[in-house]
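# Inside the fold
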Amino acid sequence: MDPSLPVPLDTSDQVSDVKPQGSYCSSLKDTWNIERPLGNSELSYFLPSRANGVNDMYLHLGFVGPEHVVRRARVLMVWAILRIRHPLLASKVVMQDYDDVRFVFTPPQSPEDALVDATCSLEYRTSTKDELINSYLNGARTLSNDRLSYLVVSQGGTSLPSPPITPRSTSPFNEREYPSYNHDIMICAAHFLGDGIALHQFANDFFGLLCADKTITDLEAQLKEELSSRWGADATRTAVLPNALEDNFTISPSKLRRAAEKVDFQLSQKRLVGGHSFRRQTKQPRHTIVPTVSYDPERTKSILKRCKAHGVSVSAAIFAACNIAWAKMCSEKQDLSMMMYSALNLRPHFTVKPANDSYWYLAIGYFNVVLPTFIPRSIDLSSVFWHRARIAKEQSTQAAKSRMIVSRSLLMAAERGQRARLWAREDDERERGTFVPPPPVPAADTELRTPSTALIGLSLLGNLDGIYKHGAFPDIKLHTLTTGSRQRSGGMLLFGYTFVGKLWVSLGYDVNGFDKVMVEQFWENMVQTMDELL
């Protein structure tokens, strides 16, 4: 069956108990399912992913540690426990129609079933970091509607010149002395399951459990206990999946308020002016590359100190660096602003208490930063840079603290969901050969529209050392982190974060989707701007 087409759901021999949030349990002979529909935000990520995995996330982490820490039996046990805690990772997606797409989770009936299920989404390789990432981004899709998460462990097998680690007396391992090796793991998950915060919190919990003072027997007992307490026979009437984003807010019943929110949303969208974009080309298949720069801890401390002295965050400075990098090479439309977009964490604004304690769910909105394109000749470049960093900070703060953030995010989610449905239907009709182009939009409707093109998206993750509790897993040492997602043709996203005391900036983009010289010049300008002004 064509994976891009809706998949029928077999409802034979099925009895359903409706849940208040839209989830329900289904008895299928000896097993039971728990289901809920995808929300608008989840649909906006799911529908484009069907054909080739657009937006499928990955998180690569490189670390040094003893070989026995990453033995398959131990990793598998940890992976199985975490999939029990976070059911969306072990769920499937069933699509009946563009408006009827559901998560379906079938709790394992025993610890053995949980391990078998986890085995199907665990793979060991002997690949380098770059090979792992390139394969995931540019090879065949790893994930599917039946496999929403995947874990890859790569054992390089090269002993590093570090002193042997001596186990503490409470260590569960039997080895007396053992050398350290370099290892790589890659956690893969569909974006409609969750966001970057969920992904990094999960990685922290993964290493914490992997390096805990517990034997395999201890972990097996923990798996059995968590499976029973979360998904045992007593849970069939109370179990729910994590909420969709839209179900985490209390919606006002006032029609007048909802009308005012729509007007506010429309006005806020009209204020977004952007007239710049990279020249595109689509002659060859998509191929994503991720050039990355990192700054050592001392240089990073200096950057943080300079940002603090100018009253801005590193994230605001990266917005300004993108602006200056583009302005240096821009010779056209300097009267039009440059617009960038980024994600916004909506968790602090939730008003509904979650019924499930999993943090694996989607909780992001979007905001835009709009900056001038020209560089005044009468002012030194450093002053221009820091002034624009302060503007970026002001706009970011206004978006995050706006009284209308929830209504704007929900209305944007509804709009994105509707667009995703329309485009998905169009894609499927093109595949079937039944697509009929809509009538052209009258010229009068387009002439007065203000350009609102975004040059680039930024994923600014902040200080990840606040999430990774390195002291909780002393037997290993994390040293490298790279994250991103599978892109559509012509995709581009810039990442910025601090990790293990170092600032990292990377640009993930389709090298075949843009004018090569233009993107390379932008990246060169970006690195130069950070080197000279930060």
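Because the structure is a prediction, the values reported are computed rather than measured.

## Overview of the pattern of salt bridges
Inspection of every chain in the model, using the stated rule, returns 18 salt bridges. The partner of Arg71 in a salt bridge is Glu67, with the nearest N and O atoms 3.1 Å apart. Of the residues examined, Arg71 reaches a relative accessible area of 40% and is grouped as partly exposed. Taken together, the shared-partner salt bridges connect Arg85, Glu226, Arg230 and Asp357 into one network.

## Some thoughts on the environment of Phe473
Here Phe473 lies in the loop between β15 (452-463) and β16 (477-485). A residue is classified by how much of its surface remains accessible, and Phe473, at 2% relative accessible area, is buried. Separated by 261 residues in the primary sequence, Phe473 and Ala212 place their C-alpha atoms 7.1 Å from one another. With residues near it in sequence (within four places) discarded, Phe473 still touches Asn204, Phe207, Gly208, Cys211 and Leu478.

## Digging into the packing of aromatic side chains
Tallied over the entire structure, the rule returns 19 aromatic pairs. Measuring from centroid to centroid gives 5.2 Å for Phe63 and Phe207, while their planes differ by 75 degrees, and the two rings are edge-to-face. Placement of the pair is Phe63 in strand β4 (residues 57-66) and Phe207 in helix α5 (residues 196-210), with a sequence separation of 144 residues. Assessed through its relative accessible area of 0%, Phe63 is described here as buried. Pairing Tyr497 with Trp504 gives two aromatic rings, centres 6.4 Å apart and planes at 15 degrees, and the pair type is stacked. A single burial state applies to Tyr497 and to Trp504, both of which are buried. Ring pairs connect the aromatic residues Phe63, Phe206, Phe207 and Phe473, which therefore count as one cluster.

## Here's the deal with unusual backbone geometry
Its identity is not glycine, yet Asn55 carries a phi of approximately 80 degrees, on the positive side. Overall, Asn55 belongs to the buried group, its relative accessible area being 17%. Not every positive phi belongs to a glycine, and Val500 is a case in point at roughly 45 degrees. With respect to the helices, strands and loops of the structure, Val500 is situated in the loop between β17 (492-499) and β18 (502-510). For Val500, a relative accessible area of 25% corresponds to the partly exposed category.

## Regarding helix α10 (residues 381-401)
A rise of 1.5 Å per residue sets the reference length of α10, with its 21 residues, at 30 Å; its end C-alpha atoms lie 30 Å apart and thus fit the reference within 8%. Among all positions of α10, only Val384, Phe385, Trp386, Arg388, Ala389, Ala392, Ser396 and Ala399 are buried. Buried residues belonging to α10 abut α8 (297-309), α9 (314-329), β13 (338-345), β14 (364-371), α11 (405-432) and α13 (516-533).

## Some words on the side chain of Glu226
Structurally, Glu226 is set in helix α6 (residues 216-231). With relative accessibility at 8%, the residue Glu226 sits in the buried group.

## Some details on the pairing of strand β12 (residues 292-295)
Alternating positions in β12 separate cleanly, Val293 and Tyr295 being buried on one face and Thr292 and Ser294 remaining unburied on the opposite face. Two elements, β12 and β18, share four bridges in a ladder whose sense is antiparallel. Across the sheet, the residue bridging to Ser294 is Trp504, located in β18.

## Some thoughts on the side chain of Thr300
Here Thr300 shows up in helix α8. In terms of polar contacts, Thr300 uses its side chain to reach the backbone carbonyl oxygen of Tyr295, at 2.9 Å. Discounting residues that sit within four places of it in the chain, Thr300 has contacts with Tyr295, Thr498, Gly501, Lys502 and Leu503.

## Things to note about the pairing of strand β3 (residues 31-37)
Within β3, five of the seven residues are buried, which leaves it mostly tucked inside the rest of the structure. Bridge count between β3 and strand β6 (residues 100-105): four bridges; the pairing is antiparallel. Paired with Ile34 across the two strands is Phe105, which belongs to β6.

## Observations regarding α8
Here α8 is 13 residues long and its end C-alpha atoms lie 18 Å apart, about the 18 Å a rise of 1.5 Å per residue gives. Buried-residue contacts for α8 involve β12, α9, α10, β17 and β18. Its side-chain oxygen 3.1 Å from the backbone nitrogen of Glu298, Asp296 forms the N-cap of α8. Two residues or fewer after α8 comes Gly311, characterised by a positive phi angle close to 75 degrees.

## A word on the confidence of the model for the protein
Within the protein, residue pLDDT values average 88, and 88% of them lie at 70 or more. Per-residue pLDDT stays below 50 along residues 1-29; that stretch engages in 77 contacts with residues further than four places along the chain or on separate chains. Low pLDDT, under 50, characterises residues 157-176; the predicted model gives this stretch 38 contacts beyond four residues in sequence or across chains.

## Observations regarding the nonpolar core
Soluble globular proteins tend to pack their nonpolar side chains together in the buried interior. Core analysis: the biggest nonpolar cluster contains 89 residues, and Phe192, Leu193, Phe207, Trp360 and Tyr468 have the highest contact counts within it. Sorting elements by how many residues they give to this core places helix α2 (residues 72-85) first, with nine residues. Once you skip the residues sitting within four places of it in the chain, Leu193 turns out to touch Leu88, Leu89, Phe103, Leu148, Trp360, Tyr361 and Leu362. Counting residues in hydrophobic clusters, the runner-up holds 58 residues, among them Ala321, Met340, Leu344 and Val505.

Calculation rules
- Residues numbered from 1 in each chain as written.
- Predicted model: local features only at pLDDT ≥ 70, side-chain atom pairs only at ≥ 80, totals over all residues.
- Heavy atoms only, no water.
- Salt bridge = Lys/Arg side-chain N within 4 Å of Asp/Glu carboxyl O.
- Buried < 20%, exposed > 50% of the residue type's maximum accessible area, 1.4 Å probe, protein only.
- Helix = DSSP H or I, 4+ residues; strand = E, 2+ residues; numbered from the N terminus.
- Contact = heavy atoms within 4.5 Å.
- Phe/Tyr/Trp six-rings, centres within 6.5 Å; stacked < 30°, edge-to-face > 60°.
- Expected span 1.5 Å × (residues − 1).
- Pairing = 2+ DSSP bridges.
- Polar contact = N/O pair within 3.5 Å; in protein donor to acceptor, adjacent residues only side chain to side chain.
- pLDDT = per-residue confidence, 0-100.
- Core = buried A, V, L, I, M, F, W, Y, C linked by side-chain atoms within 4.5 Å.

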